[in-house]
Amino acid sequence: MRQINELNTSNRILMGPGPSDVHPRVLKAMSTPLVGHLDPEFLEVMDDIKQMTQQTLKTKNPLTFVVSAPGSAGMETCLVNLLEPGDEAVICIHGVFGTRLVDIAERCGAKVIKVESEWGKPINPNEVKKALARCKPKLLAIVHAETSTGVLQPLEEISKLTKESGALLVVDAVTSYCGVDLRVDEWGIDALYSGSQKCLSAPPGLSPVTFSQAAIDVLDHRKTKVQSWFLDLTMVKNYWEGAKRAYHHTAPVSAMFAMRESLRLVLEEGLENRFKRHQQNHELLRDGLENLGFEFLVEKEYRLPILNAVKIPKGLDELAIRKQLLNEYNIEVGGGLGPFAGIIWRVGLMGESATINHVNMLLGALKTIIK
């Protein structure tokens, strides 16, 4: 039996689709001595997190909190609480994560009406309108920032169509949260989930969520039990609300400490300044990559500044170069998924990884490798 040595990982430069680099203040917060998950001091931490999550999502929704699990659990939280067997759900698919929404909705017993677009392109509102007209939808679910393709999906027109149909709007904001503008109340979003490890630059493992009053009303009038015990909002919300908290589960205390500090950093910088920083570094990266022969997958109008999907120039071995970036330069970039495997890279500029230094390190390494 081999001896297990003390943990000693490499100091990577994280420029993939997540996680992103973490600020030293966040790492320090994680090392704070533990308190109990019902300790008055920890309940105050939870209140701080709730308040800052509302601010960063631009919402006044009282039911705003953090699921003690990663973004995929946030996705399940939204769907399993709002869907019951026999419900109709319109789900938009323009990448990997739309297909996951379909899978979860079908596991809830819902009838799914799909609206699809070619990967690398946004969803067409006219197709959404047609789909909404041919059913009685309980909700429409859509990915705001598709991590598999680098598409930033406009939401306002689709939100209007969804409201006119009487359905709830559910949004995947795992990659967009704290990286590009996101307005929950103004855009009429009824349920939204995100993740801690992307533009928020906290460690993976937590999922901010928020629910409108209309979504809560649907939850309160369910005819069947929520199929997941752990994600059942009728119980979880009692842990996050009121002066007397009802025990539900043991929260990941250290991860919550990190989340609190990450949110503090976001608000110290200011949301608009943060969005501007991500855009400026995207433009710097864009110019550098295009000079090296890379082409962007997504049209400029719908391009995510925080997740850059670029086509590999002909003649280059994308996997070999990615391995060289990692092994010789400690730089991580992501490969393509699904039909784009081996064809594109996904270069993340998220949170603490969205700096001029990150861009210049990657471009400098590529110039040396490709030459």
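Residues numbered from 1 in each chain as written. Predicted model: local features only at pLDDT ≥ 70, side-chain atom pairs only at ≥ 80, totals over all residues. Heavy atoms only, no water.

A.B. asks: Can you help me understand the sheet that holds strand β12 (residues 307–311) in this one?
C.D. replies: Across a sheet, strands are paired by hydrogen bonds formed along the backbone, either parallel or antiparallel in direction. A sheet is described by the order of its strands in space; here four strands give the open sequence β11-β12-β15-β14, paired in antiparallel fashion. Pairing within the sheet leaves two strands with one partner each, and these edge strands are β11 (295–296) and β14 (334–335). As paired elements, β11 and β12 share two bridges and run antiparallel to each other. Bridged to F296 within β12 is V310. Seen against the sheet, helix α11 (residues 318–329) touches β14 and β15 (344–348) and runs at an angle of roughly 30° to β15. (Pairing = 2+ DSSP bridges. Helix = DSSP H or I, 4+ residues; strand = E, 2+ residues; numbered from the N terminus. Contact = heavy atoms within 4.5 Å. Axes fitted to C-alpha atoms, helices over the stretch in contact; angles between N-to-C directions.)

A.B. asks: It is not clear to me how the pattern of salt bridges should be interpreted in this structure. Could you clarify?
C.D. replies: One side chain can pair with another of opposite charge once the charged atoms of both are near each other. The final tally for this structure, using the stated rule, is 20 salt bridges. K163 is paired through a salt bridge with D190; the nearest N and O atoms lie 2.3 Å apart. Within this pair, whereas K163 is found in helix α6 (residues 156–164), its partner D190 is found in the loop between β8 (168–172) and β9 (191–193), the two being separated by 27 residues in sequence. In this structure, R277 and E269 form a salt bridge, with 2.7 Å as the shortest nitrogen-oxygen distance. Three or more residues joined by partner-sharing salt bridges are found here, namely K58, D181, R183, E186 and E272. (Salt bridge = Lys/Arg side-chain N within 4 Å of Asp/Glu carboxyl O.)

A.B. asks: Which parts of the structure should I look at to understand unusual backbone geometry?
C.D. replies: Excluding glycine, a negative phi dihedral is what most residues carry, and trans is how most peptide bonds are arranged. Note the cis peptide between G18 and P19, where omega equals 5°. Structurally, P19 is set in the loop between β1 (13–14) and α1 (24–30). Positioned with a positive phi, C178 is a non-glycine residue whose angle comes to about 70°. Phi angles above zero are rare outside glycine, and S201 is one such case at about 60°. Relative accessible area serves as the criterion here: at 1%, S201 is assigned to the buried category. (Buried < 20%, exposed > 50% of the residue type's maximum accessible area, 1.4 Å probe, protein only.)

A.B. asks: So what exactly am I meant to see when it comes to helix α4 (residues 96–107) here?
C.D. replies: Along an α-helix, a turn takes 3.6 residues, which lines up residues three or four apart on a common side. The end-to-end C-alpha separation of α4 is 17 Å, in line with the 16 Å expected for twelve residues at 1.5 Å each. Among the residues making up α4, those that are buried are V96, F97, G98, L101, V102, I104 and A105. Where α4 terminates, the next one or two residues include G109, which has phi positive at roughly 90°. (Expected span 1.5 Å × (residues − 1).)

A.B. asks: Mind showing me how you'd approach the pairing of β12 here?
C.D. replies: Counting buried positions along β12 yields four of five residues, so the element is predominantly enclosed. Sheet analysis places β12 next to β15, joined by five bridges and oriented antiparallel. Each residue of the ladder has a partner; that of N308, found in β15, is V347.

A.B. asks: Just to check I follow, could you spell out the side chain of S201 for this structure?
C.D. replies: By the element assignment, S201 lies in the loop between β9 and β10 (207–211). In terms of polar contacts, S201 uses its side chain to reach the backbone carbonyl oxygen of D21, at 3.1 Å. Other than its neighbours up to four places away in sequence, S201 contacts S20, D21, V22, V26, S196, S262, M350, G351 and E352. (Polar contact = N/O pair within 3.5 Å; in protein donor to acceptor, adjacent residues only side chain to side chain.)

A.B. asks: Any chance you could explain the packing of helix α5 (residues 125–133) against α6 here in plain terms?
C.D. replies: What describes two packed helices is the angle between their axes and the distance between those same axes. Where α5 meets α6, the axes come as close as 10 Å, and the angle between the chain directions of the two elements is 10°. Our classification of the angle between α5 and α6 gives roughly parallel. Between α5 and α6 the crossing geometry is right-handed. Between α5, through P125, V128, K129 and L132, and α6, the contact on the second element is made entirely by E157, I158, L161 and T162. (Parallel < 35°, antiparallel > 145°, perpendicular 65-115°, else oblique. Left-handed = near helix turned anticlockwise from the far one by under 90°.)

A.B. asks: I'm lost on the pairing of β15 in this one. Help?
C.D. replies: A large share of β15 lies buried, amounting to five of its five residues. Neither face of β15 is exposed, since I344, R346 and G348 on one face and W345 and V347 on the opposite face are all buried. Bridge count for β14 against β15 is two bridges, and the pairing is antiparallel. Residue pairing in the sheet places G334 in a bridge with R346 of β15.

Taken by themselves, the reported measurements are silent on function.
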